[in-house]
Structures are given as structure tokens and as C-alpha cells.
Amino acid sequence: MEIKNTHLIDRYKRNLNYLRISITDRCNLRCLYCRPSGAGYKLKHREILRYEEILRITRIGIRLGISKIRITGGEPLVRKDCCEFLGALTRLRGLNDISLTTNGVLLTDYIDPIAAAGIKRLNISLDTLDRNKYKEITGVDAFERVWQGIEAARTKGIDPIKINVVALNGINDDELTDLAALSFQYPFHIRFIEYMPIGHTRLCDKAPLLYPQIRSRLERLGELLPVARAPHDGPAMRYKFKGAIGEIGFISAVSRHFCNECNRLRLTADGRIRPCLLADIHEDIKTPLRAGRLDTELADVFFRAVKRKPFQHPVKLDPNAINGEMVRIGG
Ligand code: SAM
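Analysis parameters
Residues numbered from 1 in each chain as written. Predicted model: local features only at pLDDT ≥ 70, side-chain atom pairs only at ≥ 80, totals over all residues. Heavy atoms only, no water. Axes fitted to C-alpha atoms, helices over the stretch in contact; angles between N-to-C directions. Helix = DSSP H or I, 4+ residues; strand = E, 2+ residues; numbered from the N terminus. Left-handed = near helix turned anticlockwise from the far one by under 90°. Contact = heavy atoms within 4.5 Å. Nonpolar A, V, L, I, M, F, W, Y, C, P; charged D, E, K, R; others polar. Pairing = 2+ DSSP bridges. Disulfide = S-S within 2.5 Å. Buried < 20%, exposed > 50% of the residue type's maximum accessible area, 1.4 Å probe, protein only. Salt bridge = Lys/Arg side-chain N within 4 Å of Asp/Glu carboxyl O. Near = heavy atom within 4 Å. Polar contact = N/O pair within 3.5 Å; in protein donor to acceptor, adjacent residues only side chain to side chain. Areas by Shrake-Rupley, 256 points an atom, 1.4 Å probe, with all protein chains shown as cover.

Visitor: So what's going on with the packing of helix H6 (residues 176-185) against helix H7 (residues 211-218)? Residues and values would help.
Guide: Where H6 contacts H7, the axes come no closer than 9 Å and their chain directions differ by 65°. In this structure, H6 meets H7 at a crossing whose hand is right-handed. Across the interface between the two elements, Leu 176, Thr 177 and Ala 180 from H6 touch Ile 214, Arg 217 and Leu 218 from H7. Looking at the contact of H6 with H7 residue by residue, the class counts come to four nonpolar, one polar and one charged.

Visitor: Can you lay out the sheet that holds strand E11 (residues 272-274) for me, pointing to particular residues and giving the numbers?
Guide: Here we have twelve strands laid out as an open sheet, ordered E7-E8-E9-E6-E5-E4-E3-E2-E1-E10-E11-E12, and mixed in their pairing. The sheet is open, and its two edges are formed by strand E7 (224-226) and strand E12 (283-284), each paired on a single side. Where strand E8 (residues 237-241) lies against strand E9 (residues 247-251), three bridges are found, and the strand directions are antiparallel. Bridging across to E9, Met 237 finds its partner in Phe 250.

Visitor: So what's going on with the state of the cysteines? Which residues, and what values?
Guide: If you walk through the whole model with that rule in mind, you get zero disulfides. With no disulfide of its own, Cys 27 lies 6.2 Å from the sulfur of Cys 31, the closest cysteine sulfur. Of the residues examined, Cys 27 reaches a relative accessible area of 24% and is grouped as partly exposed. In this structure Cys 83 is not part of a disulfide, and its nearest cysteine sulfur, from Cys 82, lies 5.2 Å away.

Visitor: Account for the pairing of E8, naming residues and giving values.
Guide: Side chains on a regular strand alternate between the two faces of the sheet. Summarising burial for E8: four of the five residues are buried, a large majority. Relative to E8, E7 is paired through three bridges, and the arrangement is antiparallel. Among the inter-strand pairings, Leu 225 is bridged to a residue of E8, identified as Lys 240. In sequence, E8 turns back onto E9 through a hairpin of five residues, with Gly 243 there showing a positive phi of about 85°.

Visitor: Mind laying out the pattern of salt bridges, listing which residues take part and the relevant values?
Guide: Inspection of the entire model under this criterion finds 22 salt bridges. The shortest N-O distance in the salt bridge between Arg 63 and Asp 295 comes to 2.6 Å. Remark: Asp 295 occurs in helix H9 (residues 295-307) and Arg 63 occurs in helix H1 (residues 51-63); sequence separation between them is 232 residues. We classify Arg 63 as partly exposed; its relative accessible area is 22%. Here Lys 133 ties to Asp 174 by a salt bridge, and the two come within 2.9 Å at their closest N and O atoms. With Lys 133 in helix H4 (residues 131-138) and Asp 174 in the loop between strand E5 (161-167) and H6, the pair connects residues that are 41 residues apart, well separated along the chain.

Visitor: Can you explain the environment of His 189? Please cite residues and give values.
Guide: Within the secondary structure layout, His 189 lies in strand E6 (residues 189-194). When the C-alpha atoms of His 189 and Gly 246 are compared, they prove to be 5.5 Å apart, with 57 residues separating the residues in sequence. For His 189, the residues in contact, after removing those within four places along its chain, are Pro 160, Ile 161, Lys 162, Ile 163, Arg 238 and Glu 247.

Visitor: Break down the environment of His 313 for me, citing the residues and quoting the values.
Guide: Examined against the element boundaries, His 313 turns out to sit in the loop between H9 and helix H10 (326-329). Taking the C-alpha atoms as reference points, His 313 and Leu 278, separated by 35 residues in sequence, lie 5.7 Å from one another. Residues contacting His 313, with those up to four places away along its chain left out, are Ala 253, His 257, Cys 259, Cys 276 and Leu 278.

Visitor: Give me the site of the ligand: which residues, what numbers.
Guide: Neighbouring the ligand are 18 residues; Gly 74, Glu 75, Thr 101, Ser 125 and Met 196 lie closest to it. Residue Tyr 33 places a main-chain N or O atom 3.1 Å away from a nitrogen atom belonging to the ligand. Ser 125 has a polar side-chain atom sitting 2.5 Å from an oxygen atom of the ligand. Compared with its free state, where it exposes 540 Å², the ligand has 95% of that area covered by protein. When contributions to the shell around the ligand are tallied by element, the ones reaching two or more residues are strand E3 (97-102), E5 and E6. Residue classes in the shell around the ligand are distributed as seven nonpolar, nine polar and two charged.

This is the structure in C-alpha cells:
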């Protein structure tokens, strides 16, 4: 039986057309806020979806109205043959936006194949401009490599380059203005993300730095002028300083959630469709896929996940609501 071209509309009339795919739970960094403290469990090879399995799920998603994909992880570039997979993804018909989120450590090695695969937009995570602090946050002395990766991406014409900064109270809060000031010198979009309590990370006990506080610090640099929203904009509130060539964004998932306009589903590295980043709800698509089920049956897994998408994530009400691990779900 054929899947009829249709849309994934949830109970609250949101059209879910954006799939974020985590291709691995492995990462070459051990960020304070991302890895659960102490937990060393890694998915076994057979537990992780193979590329051809991800492509089949994506093709089904496209027939259900998915038009936008982001590849994330773990660190996607540590997975073997990631760029070949990106190429296969960009050759699929029906997608109009494919992007990649990376920590940038391996970017200088892979920027050519990434660009050749047809990826035009990158999000790169960088929480500090200080080499020692980078090591403190990530556990690895790789600041220079990441910066060279960012430069390599710029030289290659990747545009926009979005720099993701998680605002961490007592850790990088003294640097938020320095990071924002990059937007005067570079055409980057510097996006400040509220720390989200997912799983038990080593940061759970600190008071989070929320959007109003982050914003008031940045305003020391000048007035933040709103930027008009574009069609593929995510939840970031976009601004610009007068005279800057880059932009500033705020992603306030905790203090001012954007659930009412959320258009996302996630496919985890171990093959579950997760309708909300911040709620422990998922539907297993790997088991029916590996049991040889039809596309229509796999489409039903999408529909079941969509049906369970909550109206609003529970984090503000209950910061301990999520047991999952960011490194496996994909941010
Ligand atoms: N390894 C890639 C990277 O570092 O960009 C992709 C995966 S990472 C999980 C995706 C994004 O999630 C990163 O920008 C990271 O900073 C962000 N992130 C991870 N844990 C977070 C948390 N607890 N709160 C807010 N953002 C988080």
C-alpha cells in the first residue's frame, strides 16, 4: 500500500515538517552540560541506525511532509562516512533545507566534502573564546582547531555560520559580551542558548542564566535591533547591533518557550522518533524497520509520535522531568 502524500499535523494543529536526525551518540568532546555525569554508556554498533535505515526513514518522512532536516549527534563528524551520507541526503528529492550541527573540532578536515555534499548552512558550537576555559567546558584542548574550522567554513562560503553558545552561569557568563562582539567583525549569527536541564549533568545544581539576564548583559554593547524573520527561521529571536555585520540570536527554550510554534520531530541515534526534545516520549521505529515492515507501517510510527507531541514541554514546571541524554537525543 502506498503512503499518500500528507502532512504530520499534531493535536494542536502544528505542522511538523522539520526532522532533526542524530546520527551518533559518540562525541569527541565531553561538555559539562551535555554528557550525563558519570554515565559512560554508549550505544552498541547494532543499536545505532545504519545510514541506509536513516535514509529510508527520511524518505518516508518526506512523503509525510518533512521538508527540513538537521543532522546532529553526538558529534556527527566522528561517524565514519558522514559526508557520503550527507551527499545521499542532499540528493533526496523533496527537501528544501539541510543543515549540520557540529562542535567544529574536525571541520578543517571535512569542510571540503561537507561543501561538496551540498551543505550550505552550519551551526557550530563554541561557548568561549578562551583556550583554557574551552578545555574546562569540553574536556579537550581544541579551541584553536575549532576556530580554524570556523575560518575554513567561512572561506568555503558557508553562509550563514551560526555559532551556538550555551550560557553557563559562573562559567562563561563573563564572556557573553565578547562572544556577541564577534558579530561586529564577522558575518556570523551568534546565538545564546539557555541551558536546558536534560539528564543529570554536572551543571544541574547551578541556577540557570535565562534570556532576560543574557540579553541585559549584551545590551551593554549597544541597542539590539530586531531582524525580520525569514521562512526557515527556527525559534531564535533575531537581533543585530547597529553597525554589526553579523547577528545575535536568543534561544530561550526554558524561560520563554516556543512550543506553540514548534515544528520539530527528532530521530534519535538508536532509532526512536521523539516528538519533543524536552519530554521523555518516543516511538520506536527501528524495531519495525528491522522486522521488514512496510513503509505504511513505518509511517504509522511517525503518526503515533506526532499524536503524542505535548502542547508544551514540562521543563519549567519540573526541571527533573527529563532522563534522556542530550548527547544521544541530539540538541
Ligand atoms: N556535537 C554537535 C555540537 O556540539 O554542536 C551536535 C550535538 S550538540 C548536542 C547540539 C547542540 O546542543 C550544541 O549546540 C550544544 O551546545 C547544545 N546543547 C547540549 N546540551 C545542552 C543543554 N543541556 N542545554 C542547552 N544546549 C545544549
